[in-house]
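# A look at the structure
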Amino acid sequence: MTPDLLAQGARRVEERMATQSLKTGQTESGGREAGFSRVNTPGEVDVTHGRILYLEDVSVSFDGFKAINKLSLDIAPGELRCIIGPNGAGKTTMMDIITGKTRPDEGRVYFGSTIDLLRYTEPEIAQLGIGRKFQKPTVFEQLTVFEKLELALKTNKAVTSSLFFRLDSRQSDRLAEILHTIHLAESVGRLAGNLSHGQKQWLEIGMLLMQEPKLLLLDEPVAGMTDEETERTAELFLTLKGKHSLMVVEHDMSFINTISDIVTVLCDGSVLAQGTLAQVQADERVIEVYLGR
Ligand SMILES: Nc1ncnc2c1ncn2[C@@H]1O[C@H](COP(=O)(O)OP(=O)(O)OP(=O)(O)O)[C@@H](O)[C@H]1O
Ligand SMILES: [Mg+2]
């Protein structure tokens, strides 16, 4: 696809947005937004029990040290769950377990009510629709924003078999829509390496979105961002909520305050408290673990 086609796609999306003021999750045909979440596709996650992610009594030890200790937690479809907790609480390790990077010693980890994630490898879990954003620096900095988003589609197994890969009109509409969502529509031709730190992070998120994840795990997404970038990231996450399920680990409490509904506090590898940010911040045990370290 050429940038011309992209511009056409962007125009179509903008026209649609301008003329219809679509409500979240609604399309002109009355169904759910086709771009972000597929309905009734093979391998669809069964969320009839109201949970997209379910962890029960999960534990893992490293050289005898229990990094995760009988951790139980669940997330509803479309929820934006914030996870906080002191350094070493096990937040990143929990994401490692969900994504198949680390195998727990015991416990259950389900995606929806039927997919036992412990039976899958890390690449298979990504393929099932769990996207993870690491803090790692961007690779392939010599590619443009457009090329990186296009590449993200190609890493999807379903399309790699096509030697002469071209975006179809649905994919180019989707690419244009994501560019708009991640605030990079104006920067489509810029090299990834020339973007600001915040823009690089948004691009990474855009690349994940190209693969239409059902659940997104984001570990310290606003670390190193300016205040303005942090605010725009909060807006971005609020846009994604409902269309995707999100698990966001952050230490930035004003960011958490802007985006959170339910906050889970992890400490010593298990849930210490859960509730609104105000509730958990007023919890004596939470105050203790934060002040005690
Ligand atoms: N592969 C590993 N081998 C040994 N110990 C590990 C390993 N991964 C994590 N740990 C230990 O497990 C504990 C939990 O670490 P984890 O990185 O999950 O914490 P965290 O909550 O993400 O902390 P932070 O807020 O600093 O990112 C820490 O004590 C850490 O040193
Ligand atoms: Mg961590």
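Here we summarise the structure given alongside this text.

Scoring rules and cut-offs
- Residues numbered from 1 in each chain as written.
- Chains lettered and ligands numbered in written order.
- Predicted model: local features only at pLDDT ≥ 70, side-chain atom pairs only at ≥ 80, totals over all residues.
- Helix = DSSP H or I, 4+ residues; strand = E, 2+ residues; numbered from the N terminus.
- Buried ≥ 20, exposed ≤ 12 C-beta atoms within 10 Å, placed from the backbone.
- Pairing = 2+ DSSP bridges.
- Right-handed = clockwise from strand over helix to strand, strands pointing away.
- Axes fitted to C-alpha atoms, helices over the stretch in contact; angles between N-to-C directions.
- Contact = placed C-beta atoms within 7 Å.
- Near = placed C-beta within 6 Å.
- Nonpolar A, V, L, I, M, F, W, Y, C, P; charged D, E, K, R; others polar.
- Left-handed = near helix turned anticlockwise from the far one by under 90°.

### As for the overall build of the protein chain
The secondary structure content of the protein chain amounts to 11 helices and 10 strands. Buried positions account for 39% of the 293 residues belonging to the protein chain.

### Considering the pairing of strand 7 (residues 215–219)
Buried residues dominate strand 7, accounting for 4 of its 5 residues. Across 4 bridges, strand 6 (residues 130–133) lies against strand 7 in parallel orientation. When the bridges of strand 7 are listed, Lys133 appears paired with Leu218. Bridging between strand 7 and strand 8 (residues 245–249) involves 5 bridges; their strand directions are parallel. Bridging from a neighbouring strand, Leu217 pairs with Met247 of strand 8. Considered for its hand, the β-α-β crossover made up of strand 7, helix 8 (residues 227–240) and strand 8 is right-handed.

### Some thoughts on the sheet that holds strand 6
Strand order in the open sheet formed by 6 strands is 6-7-8-3-9-10, and the pairing between neighbours is mixed. The outermost strands of the open sheet, each flanked by one partner alone, are strand 6 and strand 10 (270–275). Neighbour to neighbour, the strand axes of the sheet diverge by 20° on average, direction disregarded. Most of the contacts of helix 11 (residues 284–291) go to strand 10, to which it runs at about 125°, and overall it touches strand 9 (263–267) and strand 10.

### What to know about the site of ligand 1
Residues in contact with ligand 1, as listed here, are Phe62, Ala67, Gly85, Asn87, Gly88, Ala89, Gly90, Lys91, Thr92 and Thr93. Here the shell around ligand 1 takes 3 residues from helix 2 (residues 91–98), the largest share from any one element. Residues of the shell around ligand 1, tallied by class, amount to 3 nonpolar, 6 polar and 1 charged.

### A short note on the packing of helix 4 (residues 145–154) against helix 7 (residues 197–210)
Between helix 4 and helix 7, whose axes approach to 8 Å, the crossing angle comes to 35°. Remark: the crossing between helix 4 and helix 7 carries right-handed chirality. Where helix 4 abuts helix 7, its residues Val145, Lys148, Leu149, Ala152 and Leu153 lie against Leu203, Gly206, Met207 and Met210. A per-class count over the contact of helix 4 with helix 7 returns 7 nonpolar, 1 polar and 1 charged.

### Concerning helix 4
Each α-helix winds once per 3.6 residues, and so residues spaced three or four apart point in a common direction. The set of residues buried in helix 4 consists of Val145, Lys148, Leu149, Glu150 and Ala152. Among the structural elements, helix 6 (169–181) and helix 7 are those in contact with the buried residues of helix 4.

None of this, on its own, says anything about what the molecule does.
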